Amino acid sequence: MTERELEILALIKADPLIPQQKLADQLGITRSAVAGHIMNLTHKGVIRGKGYILAENPFAVVIGGANMDILGRPASKLRVGDSNPGSVSCSPGGVGRNIAENLARLGSDTRLVTAVGKDAYGEMITAQCRQAGVDMGNSLQFEDAVTSTYLSVLDGDADMHVAINDMAILERLGPEVLKGLEDMLRRAELLVLDTNLSEAALSYLLSNFPQVPVFIDTVSCVKAMKIKPYLNAIHTLKPNLKEAEHLSGIEMRSKEDLSAIANWFHDQGVKRIFLSMGSEGVFVSDGGESQMVSAKQVEMVNANGAGDAFLAGLAHGWLKQWPLLETTEFAMAAARLALSHIATINPNMSEISVNRIIKESLC
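Conventions used here
- Residues numbered from 1 in each chain as written.
- Predicted model: local features only at pLDDT ≥ 70, side-chain atom pairs only at ≥ 80, totals over all residues.
- Heavy atoms only, no water.
- Pairing = 2+ DSSP bridges.
- Helix = DSSP H or I, 4+ residues; strand = E, 2+ residues; numbered from the N terminus.
- Axes fitted to C-alpha atoms, helices over the stretch in contact; angles between N-to-C directions.
- Phe/Tyr/Trp six-rings, centres within 6.5 Å; stacked < 30°, edge-to-face > 60°.
- Buried < 20%, exposed > 50% of the residue type's maximum accessible area, 1.4 Å probe, protein only.
- Lys NZ or Arg CZ within 6 Å of the ring centre and 35° of its normal.
- Contact = heavy atoms within 4.5 Å.
- Salt bridge = Lys/Arg side-chain N within 4 Å of Asp/Glu carboxyl O.

As for the sheet that holds strand 13 (residues 236-238)
Here comes step 1: Read from one edge to the other, the open sheet built from eight strands follows the order 6-3-11-12-13-14-15-16, with strand pairing classed as mixed. Strands at the two margins of the open sheet, each flanked by one partner only, are strand 6 (109-113) and strand 16 (290-294). Each adjacent strand pair in this sheet contributes to an overall mean axis angle of 15°, direction not counted.
Here comes step 2: Sheet topology note: the strand 15 (residues 281-285)/strand 16 ladder contains five bridges and is antiparallel. Bridged to S285 within strand 16 is S290.

If you want it as C-alpha cells, here you go:
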C-alpha cells in the first residue's frame, strides 16, 4: 500500500463510517482523490463492501504484564550493600508488553491485552505501544490501581543482579474480563501468554481456545508452575533450563539429558519447546526434530529484553509460516538485536534489521 492509502486506512479503522469529504478535509486532499484511493484499497481486498468493512489480516493476541521498567546500571563492578555510581533509566516493559511491541515492530498485526493504571506510567506505556503499532483497543485502564513497576539492578557484566516487581494490577485481568473478548480470541491466529497472569486467567485461556495455537513465556520457576496442569494445551513453550528442570523434575547432568527433558514436555502434550541455554544457545525440539542451535557472540548492553525478543521472533515466524530452524535462527537474531541496546526494546527492531544480523553472521 502507498503512504496515502495507509493514512486513509488508519482513519477508517478509527471510524468505519467516516464520510469521504471528512477524509479529504483531514488529509488536505480532494474528495475525488479520496474516492480513487478507496477504490484502490477495494481492488486490493483491504476494504470490502459498504461501510468500509475491513478485511482482517491474521493477527496475534498477546495477553500479559505491562510494567514501567526502572533499570539501575553500575558504572563498574557492582558493590553489594553500598551506593554504586552509575545510571538509572525508565522505559515501558513487562513480558507480555515487550513481546507485543517487538512483534509489532517486526511487522506482525499484534493486539495486546493487559491492565494499567490511569496514571503517568500507564499513559506512557499505552502511548509507546500505539506508536510502535500495537493495537491497544482491548487493554484496560483502572483509576483505582497503579501501573505495574519492575525495578532491576544490573551487575558489572550488564546481567541482572536482582529485581523486584509490583504487578498487583494484573489480578484485575481475570476470566470475567477475558470472557468479553472471546470472539476476538477465537479469530486470532495465535495467542501469546506470559505466566504473570493469574492462575484463574491462565486456566480460562488454556481451557477454552483449543483451535488457536498458544505460545507461553514461563517468566520464572515459581510462576511457570501455574501452567503445569495445562501443558497439553500449549503449542510452543519457551523456558530456560532452570524453569524446564523445575517443571519436569528432570535435572540436566549432561547434554544428553536435554532430549529427556524435551521428551517429557512432549509426553505432556507440548508440541514445540525452545529451551534457552543462555550463551550456549537454544535446544529446539518439536517431537520429531531436535537439535542444539548455538548462539552467536554479541556485545551485551542489557540482558533484560532478550528473551522477550526471542519469543516475538518465534511468533513472527509462526505467522509467516517459516520452517522450524529458520524461525529459530530469526528469533535468536532478534534476541541479539535486543541485547545490543540499553533499552528493554531496541528501537531498531524490525524484520529488515534482524535479517541483516543473520546475513552478517554468515559472512
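And the narrative resumes.
Considerations on the packing of aromatic side chains
Here comes step 1: Applying the stated rule across the entire model yields five aromatic pairs.
Here comes step 2: Look at Y204 and F209: their rings are 5.8 Å apart centre to centre, the planes differ by 85°, and that puts the pair in the edge-to-face class. Across the pair, exposure class does not vary: Y204 and F209 are buried alike.
Here comes step 3: Geometrically, the ring pair formed by W322 and F330 is edge-to-face, given 5.0 Å between the ring centres and 65° between the ring planes.
Here comes step 4: For F330, a relative accessible area of 2% puts it in the buried group.
Here comes step 5: Looking at R172, its charged tip hangs above the ring of F142, at a distance of 4.8 Å from the centre.

Concerning unusual backbone geometry
Here comes step 1: Its identity as a non-glycine residue notwithstanding, A158 has a phi of 70°, on the positive side.
Here comes step 2: Phi at Q321 takes a positive value of approximately 60°, unusual for a residue other than glycine.
Here comes step 3: Its location among the elements puts Q321 in the loop between helix 12 (306-320) and helix 13 (324-339).
Here comes step 4: Classification of Q321 as exposed rests on a relative accessible area of 69%.

What to know about the environment of V212
Here comes step 1: Turning to its location among the elements, V212 is positioned in the loop between helix 8 (199-208) and strand 12 (214-217).
Here comes step 2: Measuring from C-alpha to C-alpha, the distance between V212 and H235 comes to 9.0 Å, with 23 residues separating the pair along the chain.
Here comes step 3: Apart from residues lying up to four places away in sequence, V212 is in contact with L185, R186, A188, E189, L190 and L191.

Focus: the environment of R186
Here comes step 1: Note on placement: R186 falls in helix 7 (residues 182-187).
Here comes step 2: It is 9.2 Å that separates the C-alpha atoms of R186 and P210, two residues lying 24 residues apart in sequence.
Here comes step 3: When sequence neighbours within four positions are dropped, the list of residues in contact with R186 reads N208, F209, Q211 and V212.

Topic: the pattern of salt bridges
Here comes step 1: Tallied over the entire structure, the rule returns twelve salt bridges.
Here comes step 2: Residues R187 and D183 are paired through a salt bridge, measuring 2.5 Å at the closest nitrogen-oxygen approach. Here R187 pairs with D183, and both are found in helix 7, just four residues apart, close to one helical turn.
Here comes step 3: In this structure, a network of salt bridges that share partners links the residues R97, E101 and R105.

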